[in-house]
Amino acid sequence: MSLKKATDLFTARPRKYNCAETIAEAFDHSDMVPQMHFCGGGCAPEGICGALHAAMLLAPEDKREEMLKEFKEKAGSVYCDELKNDLKTPCLACVRIAAALLEKYGKK
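Asks: Can you lay out the packing of aromatic side chains for me, pointing to particular residues and giving the numbers?
Replies: Within this structure, the stated rule accounts for zero aromatic pairs. Taking the ring centre of F10 as reference, the NZ or CZ of R15 above it sits at 4.1 Å.

Encoded structure:
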């Protein structure tokens, strides 16, 4: 199960992956990890959550809007800054939500 793998990778010490890298690696896309290095910590395009960004890149294109909507329903926002600062949502929670959605909607 990739959700468990994502949780294990993100919580491993010392930390090896940011949220976006974790999703790429957990879903067997290690080729994407270098590209996702710059998408953690609020640096994904448009400031969205890095875990969500990576999950959406891996999802079928016709499922991305549904994923975005469902992530917002579950987390309260799709934007990293709001998630971390306003809602106080831990990054691990975002990784788990993104991984669960990618499992639900499938990889391309």
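Asks: Hey, could you go over the packing of helix α1 (residues 2–11) against helix α2 (residues 19–26) for me, with residue numbers and the actual values?
Replies: Where α1 meets α2, the closest approach of the two axes is 9 Å, and the angle between their N-to-C directions is 140°. Here α2 runs oblique to α1, going by the angle between their axes. Classified by chirality, the crossing of α2 by α1 is right-handed. Facing S2, K5, A6, L9 and F10 of α1, the residues of α2 in contact are C19, T22, E25 and A26. Looking at the contact of α1 with α2 residue by residue, the classes come out as five nonpolar, two polar and two charged.

Asks: An account of the packing of α2 against helix α4 (residues 50–58) is needed here, citing residue identities and associated values.
Replies: Between α2 and α4, the least distance of the axes is 6 Å, while the angle of their chain directions is 35°. Considering only the axes of α2 and α4, their crossing is right-handed. Residues C19, A20, I23 and A24 of α2 form the contact with α4, whose participating residues are G50, A51, A54, A55 and L58. Split by residue class, the contact of α2 with α4 holds eight nonpolar, one polar and no charged.

Asks: Any details on the side chain of E25? Residues and values, ideally.
Replies: When you line up the elements, E25 lands in helix α2. This buried residue, E25, is left without a salt bridge; K5 holds the nearest opposite charge, at 5.1 Å. Setting aside chain neighbours within four positions, we find E25 in contact with K5, L9, Y17, S30 and V33.

Asks: Go over helix α7 (residues 91–105), please, and point to the residues and values.
Replies: Helix length check: α7 (15 residues) gives 21 Å between terminal C-alpha atoms against 21 Å at 1.5 Å per residue, within 8%. Every buried residue of α7 is accounted for by C94, V95, I97, A98, A99, L101, L102 and Y105. In the stretch just after α7, G106 is the one whose phi turns positive, near 85°.

Here is what the cut-offs are and how they apply
Residues numbered from 1 in each chain as written. Predicted model: local features only at pLDDT ≥ 70, side-chain atom pairs only at ≥ 80, totals over all residues. Heavy atoms only, no water. Phe/Tyr/Trp six-rings, centres within 6.5 Å; stacked < 30°, edge-to-face > 60°. Lys NZ or Arg CZ within 6 Å of the ring centre and 35° of its normal. Axes fitted to C-alpha atoms, helices over the stretch in contact; angles between N-to-C directions. Helix = DSSP H or I, 4+ residues; strand = E, 2+ residues; numbered from the N terminus. Parallel < 35°, antiparallel > 145°, perpendicular 65-115°, else oblique. Left-handed = near helix turned anticlockwise from the far one by under 90°. Contact = heavy atoms within 4.5 Å. Nonpolar A, V, L, I, M, F, W, Y, C, P; charged D, E, K, R; others polar. Buried < 20%, exposed > 50% of the residue type's maximum accessible area, 1.4 Å probe, protein only. Lys, Arg positive; Asp, Glu negative; His and termini not counted. Salt bridge = Lys/Arg side-chain N within 4 Å of Asp/Glu carboxyl O. Expected span 1.5 Å × (residues − 1).

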